[in-house]
Amino acid sequence: MSGPVLEHPQQHEREHEHVPAPDEQFERQRPRLLALASRRVGSAEEAEDIVSEAWLRWSAATGVENHAAFLATVVSRLCVDHLKSAHTRRVSYVGALVPEEVLPVGGEPHELVGDEDELRGRMTWLLERLSPAERAVLLLRRAFDYSHREIAAALGISEAYSRKLYGRACGRLTADHSRFTVAPTERTELTRRFLAASRGGELKPLEDLLAAAMAA
């Protein structure tokens with residue numbers, strides 16, 4: 001007759017070991033992930049967005065054994081994508097906003113952005129032909145490669161309306177007559193903020209100016 005089976009103390013301890021819930025696992029990693037993203041992109045605010053995106057990807061993943069390594073890899077890749085996108089936007093230029101026949105021949109994008117007098121003339125051309133809403137969507141879409149979702153968030157409109165405004169603006173680019181009178185101060189400020197966005201990636205001031213013009 002066999003005796004009772006004795007439970008090993010370590011086995012008992014393992015069976016009752018606390019396994020963190022998914023949310024708890026992520027929150028444990030959050031400070032490290034924020035620090036990683038901040039070092040990579042140089043902005044605490046952008047780091048928060050990247051870590052939030054990492055959470056969405058992590059929560060949808062299955063079969064993850066090493067959560068810390070997985071999350072660090074996801075955040076690193078998101079940082080690389082973010083920096084590539086920012087670089088693409090910085091080298092965009094206003095030449096994409098006007099018809100081919102009024103563009104100069106040759107020249108690199110950053111050289112065209114750097115010609116402030118020429119840029120001021122192009123902004124005048126846009127201000128004379130497009131409404132504030134049309135102009136805002138066209139600038140963000142063509143010059144800085146915003147998606148309609150990003151435009152909607154920046155300007156406080158719907159994605160459907162952004163697409164509608166973009167189509168309308170593109171149609172007006174072929175017009176050979178002006179519709180609006182341009183105020184010198186408006187042209188100067190738009191040119192200044194466009195240059196800051198193109199040269200240094202300072203997009204928020206340009207977004208604010210465009211949104212304010214729409215609300216006026």
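Values in this document were obtained by computation on a predicted structure and should not be read as measured data.

How should I be thinking about the overall build of the protein in this particular structure?
In terms of regular secondary structure, the protein is built from eleven helices and zero strands. N-terminal to C-terminal, the α/β element order of the protein is α-α-α-α-α-α-α-α-α-α-α. Here the protein holds 216 residues, and the buried ones make up 34% of them. Look at the contacts in the protein between residues 6 or more apart in sequence, and 66% of them connect residues 24 or more apart. As displayed, the protein offers around 13,000 Å² of accessible surface, 52% of which is attributable to carbon and sulfur atoms.

So what exactly am I meant to see when it comes to a negative patch on the surface here?
A contiguous patch of negative charge on the surface is contributed by Glu45, Glu46, Glu48 and Asp49. When you line up the elements, Glu45 lands in helix H3 (residues 44-60). Residue Glu45 is classed as exposed on the basis of its relative accessible area, which comes to 64%.

Sorry, what's going on with the nonpolar core here?
The nonpolar side chains of soluble globular proteins are, as a tendency, buried together. Leu126, Phe144, Leu155, Leu190, Phe194 and Leu210 are the most contacted members of the largest nonpolar core, which totals 31 residues. Elements that contribute at least two residues to this core include exactly helix H6 (116-129), helix H7 (132-143), helix H8 (148-155), helix H9 (159-172), helix H10 (184-200) and helix H11 (203-215). The dominant element in this core, judged by the number of residues it contributes, is H7, at seven residues. In this structure, Val41, Ala54, Val74 and Leu78 belong to the second largest nonpolar core, which totals 17 residues.

Which parts of the structure should I look at to understand the packing of H8 against H9?
The N-to-C vectors of H8 and H9 enclose an angle of 105 degrees; their axes lie 8 Å apart at closest approach. With respect to H9, the element H8 is oriented roughly perpendicular. Taking contact as the criterion, the partners of His148, Arg149, Ile151 and Ala152 in H8 are, on H9, Glu159, Ser162, Arg163 and Tyr166. Considering only residue class, the contact of H8 with H9 consists of three nonpolar, two polar and three charged.

How should the environment of Ser131 be read in this particular structure?
Inspection of the secondary structure assignment puts Ser131 in the loop between H6 and H7. For the pair Ser131 and Phe180, spaced 49 residues apart in sequence, the C-alpha to C-alpha distance is 8.0 Å. Not counting residues up to four positions away in its chain, the partners in contact with Ser131 are Arg179 and Phe180.

Quick notes on the rules
Residues numbered from 1 in each chain as written. Predicted model: local features only at pLDDT ≥ 70, side-chain atom pairs only at ≥ 80, totals over all residues. Heavy atoms only, no water. Helix = DSSP H or I, 4+ residues; strand = E, 2+ residues; numbered from the N terminus. Buried < 20%, exposed > 50% of the residue type's maximum accessible area, 1.4 Å probe, protein only. Contact = heavy atoms within 4.5 Å. Areas by Shrake-Rupley, 256 points an atom, 1.4 Å probe, with all protein chains shown as cover. Patch = residues over 30% accessible without salt bridge, like charges linked within 9 Å, V, L, I, M, F, W, Y side chains within 5 Å. Salt bridge = Lys/Arg side-chain N within 4 Å of Asp/Glu carboxyl O. Lys, Arg positive; Asp, Glu negative; His and termini not counted. Charge placed at Lys NZ, Arg CZ, Asp CG, Glu CD. Core = buried A, V, L, I, M, F, W, Y, C linked by side-chain atoms within 4.5 Å. Axes fitted to C-alpha atoms, helices over the stretch in contact; angles between N-to-C directions. Parallel < 35°, antiparallel > 145°, perpendicular 65-115°, else oblique. Nonpolar A, V, L, I, M, F, W, Y, C, P; charged D, E, K, R; others polar.

Interpretation note: all reported values are geometric properties and have no functional meaning in isolation.
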